[in-house]
Each structure stands twice: as C-alpha cells, then as structure tokens.
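Analysis of the macromolecular model
One-letter residues, chain by chain:
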Amino acid sequence: MSVVLEHGNSPAADATVPWMVEDRGVPAMDPGEFADGALRPIAEKVLGGEYLTAEDGMALWETRDIFSLGEMANHMRRQKHGNVAYYNINRHINYSNICALACKFCEFHRKRGENGAYEFSHDDVFRIAGDAAAAGATEVHIVGGLHPWLPFDWYLEMLRGLRTRFPKLHVKAFTAIEINHFTKISKLSTREVLTALKEAGLGSMPGGGAEVFDDRVHDEVFKGKLRADGWMEVHRTAHQLGIRTNATILYGHVESRAERIGHLIKLRELQDEAPKGAGFQTIIPLSFIPEGSELGHLPGNTGLEDLKMLAISRLMLPNFEHVKAFWIMQSMKLSQVSLSWGVDDLDGTVVWYDITKREGGAGNQHQEQTVEGIRRLIVEAGFVPVERDTLYRRVVRSADGKQWSVAT
Ligand code: SF4
C-alpha cells in the first residue's frame with residue numbers, strides 16, 4: 001500500500017538516456033501543409049496566441065485530419081513546457097463513500113448500511129497519510145461522498161491533525177460539491193467555509209464535480225448536484241482567497257460535443273477573472289467509464305475520442321498552464337501517447353483510488369504506478385520526466401528517494 005520509490009528514479013539513471021536533455025524549443029508548424037483546410041485559420045490563431053471560438057472548437061471535433069489537430073496541440077504544449085513532462089508522488093484518500101446523493105454516472109456512492117459502505121476515522125486518515133509521507137509522497141488528495149451526518153468540525157479537525165503530524169505534506173482536498181455541502185451543514189457562506197478550511201490546513205482544491213456545465217446534461221444525469229454557476233462560484237471564491245484549484249470535465253456520457261466546447265469556454269472565462277498568480281492550475285479531462293454506473297448501457301469513449309478531448313482541451317484553454325491525463329481513466333498507454341497531443345502532466349503514483357476502476361470489480365481499487373514505471377513511459381515517449389509538487393514546483397530527492405525538497 002505504500003508509495004513505491006525504486007531504483008531508476010535518480011537523475012544519474014536518466015542521464016544514461018542520450019535524448020534526455022531538457023529542450024524548450026518549439027517545432028515549426030506550417031498550417032499551409034495541413035490536409036484539412038478548415039484547420040488552417042485555426043492554426044494561425046494558435047500561432048498568434050488568439051483564443052479559439054466555439055465554432056473553431058467544433059471544427060476541431062469534426063476534422064478527420066487528426067495529425068494536424070495533434071500537431072497544433074503539441075505546438076501549444078511545447079511553447080509552455082518544451083519537452084518536459086510532469087508527474088507527482090501522491091496518495092488518494094477517499095474518506096467515505098456514504099453520500100446523500102445518487103448521481104447516475106457514479107459507481108462510488110453508497111447509503112449508510114448498504115453493502116460496501118465505509119467511513120474512515122481520523123486515525124485511519126492519519127495512518128494512511130503517514131504511510132504515504134514516510135514513503136516520500138508530497139501530496140494527499142482527499143475527497144469523499146456528501147456524508148449526511150459528519151459535522152463540519154470533523155473536516156477541520158482532519159486538516160488540523162494532518163498539518164500537525166505531516167507539515168510537509170500538501171493537502172489537496174474537497175471538490176466544489178463537498179464545499180457546497182459544508183456550507184449547508186455549517187450554515188456558513190462559501191467564503192467562510194473556504195477561509196476556515198484554509199486556516200485549518202487546506203493547501204489547494206481538486207477540480208472534480210464540474211462534470212459538464214450544461215443544465216440539460218445536469219438535469220438528466222446529476223440532478224441534485226451543484227449546478228455550473230454554483231461550481232464556478234466556489235472556485236471563483238477560492239481563487240479570490242488565494243487557493244489554487246484544478247478543473248475537470250467528465251465527458252463521454254449524454255453530453256454533446258458542442259456542450260463540451262461550451263464547458264471549456266466557461267472555464268476559460270473564469271480563469272480570466274482570477275487574480276494574478278491564482279486561479280486554475282490544470283484541466284483534467286475525465287473519460288467517462290460506464291461500467292458499474294446507472295449509465296452502464298452507454299458505449300464509453302474510444303481511444304481516439306480521448307486523444308481528441310485532451311488535444312482540444314489544450315487548444316481551447318491557452319490560459320491554463322497544464323493539461324493532465326488521469327491514467328486511471330484514460331489508461332497508462334493512452335496517457336503516454338497523449339504527451340504528444342497537448343498533455344504535459346501524467347498525475348501521480350496514485351495508490352488507492354476508489355471512485356472509478358477502469359477494470360471494474362470489487363477489491364480492485366489498488367491502482368498504483370511506480371515512479372520508475374511513470375518515468376520510463378515518459379522517456380519512451382521522448383520527454384524528460386520532472387517530478388513536481390502540487391503547485392508544479394520541481395522536487396529534488398535524496399538518493400533513497402524518501403527525503404525531498406522543492407528546487408530553488
Ligand atoms: S458523484 Fe459525488 S455527489 Fe454524486 S453520488 Fe457520487 S459521491 Fe455522491
């Protein structure tokens with residue numbers, strides 16, 4: 001269950017690979033050579049740093065010239081990050097799957113007493129975080145269901161306990177829907193809840209719960225869950241308080257491609273509102289996996305749909321610094337390929353993730369990549385692996401990998 005650090009993590013091992021030199025160069029792109037003429041004016045906008053319109057976004061979906069689409073996304077990715085690809089060492093802690101809601105796409109939630117329902121104590125959370133910290137993790141990622149009975153103080157105590165015990169560990173926790181739930185159980189405003197959480201030790205927020213910003217989709221699949229304006233208000237307030245957040249889109253269920261583009265444009269607008277140095281860090285397109293959910297009859301995404309979604313996210317969101325492929329959902333092999341399609345971050349050595357299981361089945365929640373495995377995938381794809389902390393600062397490690405600091 002611990003985070004695995006193995007030989008091969010050290011820069012010395014990487015130095016044996018001849019092409020592993022950091023390169024900030026951006027390959028030339030000639031839109032005149034694109035097979036699909038409809039993409040040429042879009043490429044000119046990419047080269048000129050202009051925002052793409054909704055119509056441009058639809059042209060990206062509709063093109064069969066996938067090589068030019070990938071080239072544009074790779075161009076923007078290289079402008080921002082050269083040939084560097086990021087990963088981190090983290091541990092997901094899903095403190096409880098008991099939830100007041102029952103979203104159709106969700107295979108995670110249970111009612112109290114139902115088979116498979118669980119809730120962690122504070123000691124459970126501290127023990128898991130302690131194992132992760134001892135093995136060198138820089139982050140714990142904590143989310144759960146909307147627990148009907150736990151008081152707001154339970155969450156504050158958890159954060160305070162983590163900060164006291166593991167002061168170096170960054171706590172990224174609670175989606176906007178959980179924050180909204182906390183306002184109801186505490187009778188506090190969003191700003192007051194976020195301020196209290198920050199004071200107790202919240203470092204940043206993940207981007208879950210966004211799903212697709214569209215009322216039709218919302219009412220069909222997520223009824224009862226926070227609507228788009230509520231999700232955005234939580235993130236807007238977090239940004240104003242200096243809390244960095246991420247954003248997601250859950251795609252491949254009942255939404256249309258136009259609705260996906262609309263979602264990305266709303267995120268872009270919200271990012272433009274954020275104070276300088278705050279705002280979203282990363283867009284994480286989450287590929288919907290039907291198995292086990294109430295939408296199990298849906299076909300799910302193909303690999304090409306996943307790749308296009310990642311590339312289009314990169315191109316529609318030039319004001320987001322990072323695009324992450326979440327390998328639990330996109331698979332490790334496709335995530336590797338996506339590094340040339342706009343993605344610059346492969347997330348972490350997730351050890352335990354209860355929300356979605358690509359292979360399905362009970363007892364299959366142990367989902368782990370070794371550091372060595374992630375670095376090898378990055379190197380094989382022609383990129384330089386760089387370990388980051390939650391805020392995308394470079395991490396420097398001791399020879400055994402267990403001690404770490406942020407590079408200055
Ligand atoms: S998606 Fe979240 S809010 Fe909806 S049922 Fe699952 S755990 Fe509950």
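Conventions we followed
Residues numbered from 1 in each chain as written. Predicted model: local features only at pLDDT ≥ 70, side-chain atom pairs only at ≥ 80, totals over all residues. Near = placed C-beta within 6 Å. Nonpolar A, V, L, I, M, F, W, Y, C, P; charged D, E, K, R; others polar. Domains from an automatic or database assignment. Contact = placed C-beta atoms within 7 Å. Helix = DSSP H or I, 4+ residues; strand = E, 2+ residues; numbered from the N terminus. Buried ≥ 20, exposed ≤ 12 C-beta atoms within 10 Å, placed from the backbone. Pairing = 2+ DSSP bridges. Right-handed = clockwise from strand over helix to strand, strands pointing away. Expected span 1.5 Å × (residues − 1). Axes fitted to C-alpha atoms, helices over the stretch in contact; angles between N-to-C directions. Parallel < 35°, antiparallel > 145°, perpendicular 65-115°, else oblique. Core = buried A, V, L, I, M, F, W, Y, C linked by C-beta atoms within 7 Å.

Moving on, we get to the site of the ligand. Around the ligand sit Cys-99, Leu-101, Ala-102, Cys-103, Cys-106, Phe-108, His-109, Gly-145, Leu-146, Ile-177 and Lys-225, and those are all the residues in its vicinity. Its residues assigned to classes, the shell around the ligand comprises 8 nonpolar, 2 polar and 1 charged.

Domain boundaries in the chain define domain 1 (11-19 + 83-406) and domain 2 (31-78). For domain 1 versus domain 2, the distance between C-alpha centres works out to 28 Å. Residue-level contacts link 17 residues of domain 1 with 16 residues of domain 2. For the side of domain 1 that touches domain 2, the secondary-structure elements that each account for two or more residues are α11 (257-273) and α12 (303-316). Its residues assigned to classes, the side of domain 1 that touches domain 2 comprises 9 nonpolar, 3 polar and 5 charged.

Time to look at the pairing of strand β2 (residues 90-94). Burial analysis of β2 places 4 of its 5 residues in the buried class, the great majority of the element. Across 5 bridges, the pairing between β2 and strand β3 (residues 139-143) is parallel. Bridging from a neighbouring strand, Asn-94 pairs with Val-143 of β3. Note that the unit made of β2, helix α5 (residues 122-134) and β3 has a crossover that is right-handed.

Positive phi, normally seen in glycine, also occurs at Phe-174, with a value near 70°. Residue position: Phe-174 is located in the loop between β4 (170-173) and α7 (176-186). The class for Phe-174 is buried, based on 26 C-beta atoms found within 10 Å. Of note, the phi angle at Lys-187 is positive, near 60°, even though the residue is not glycine. Within the element layout of this structure, Lys-187 appears in the loop between α7 and α8 (190-200).

For helix α4 (residues 66-81), built from 16 residues, the straight-helix expectation of 22 Å at 1.5 Å per residue is met to within 8% by its first-to-last C-alpha distance of 22 Å. By the burial criterion, the buried members of α4 are Ser-68, Leu-69, Gly-70, Glu-71, Met-72, Ala-73, Asn-74, Met-76, Arg-77, Arg-78 and His-81. Those residues of α4 that are buried are in contact with α2 (40-48), α3 (54-62), β1 (84-88) and α12.

Between α7 and α8, whose axes approach to 9 Å, the crossing angle comes to 100°. As the angle between them shows, α7 and α8 are arranged roughly perpendicular. On the side of α7, the interface is formed by Ile-179, Phe-182, Thr-183 and Ser-186, while α8 contributes Thr-190, Val-193 and Leu-194.

Moving on: the sheet that holds strand β9 (residues 345-348). Within the open sheet, the 3 strands sit side by side as β9-β1-β10. Their pairing is parallel. Two strands in the sheet have a free side with no partner beyond their single neighbour: β9 and β10 (384-387). For this sheet the average axis-to-axis angle between neighbouring strands, irrespective of direction, equals 25°. Summarising the sheet, β1 and β9 pair through 2 bridges and their orientation is parallel. In the strand pairing of β9, Tyr-86 is matched with Asp-345. The strands that helix α15 (residues 371-380) touches are β1, β9 and β10; relative to β10, the one it contacts most, it runs at about 145°.

Here the focus is the nonpolar core. Ranked by size, the top nonpolar core spans 102 residues in total, and within it Ala-85, Ala-129, Val-140, Val-171, Leu-310, Ala-311 and Leu-315 carry the most contacts. When residues in this core are grouped by element, the largest group, 7 residues, is from α12. When residues of this core are assigned to domains, at least three map to each of domain 1 (11-19 + 83-406) and domain 2 (31-78). In contact with Ala-129, not counting residues within four places along its chain, are Ile-93, Val-140, Leu-162, Phe-166 and Leu-169.

For the rest of this paragraph, the subject is the environment of Arg-244. By the secondary structure assignment, Arg-244 is in strand β6 (residues 244-251). C-beta crowding within 10 Å serves as the criterion here: with 20 such atoms nearby, Arg-244 is assigned to the buried category. Along the backbone, Arg-244 and Pro-206 are 38 residues apart, and their C-alpha atoms lie at a distance of 8.8 Å. What Arg-244 contacts, discounting residues up to four positions off in sequence, is Ser-204, Ala-278, Gln-281 and Leu-391.

This next bit is on the packing of α7 against helix α10 (residues 228-240). Interhelical geometry of α7 versus α10 gives an angle of 85° and a closest axis separation of 9 Å. Overall, the two elements α7 and α10 adopt an arrangement that is roughly perpendicular. Facing Ala-176, Ile-179 and Asn-180 of α7, the residues of α10 in contact are Gly-230, Trp-231, Val-234 and His-235.

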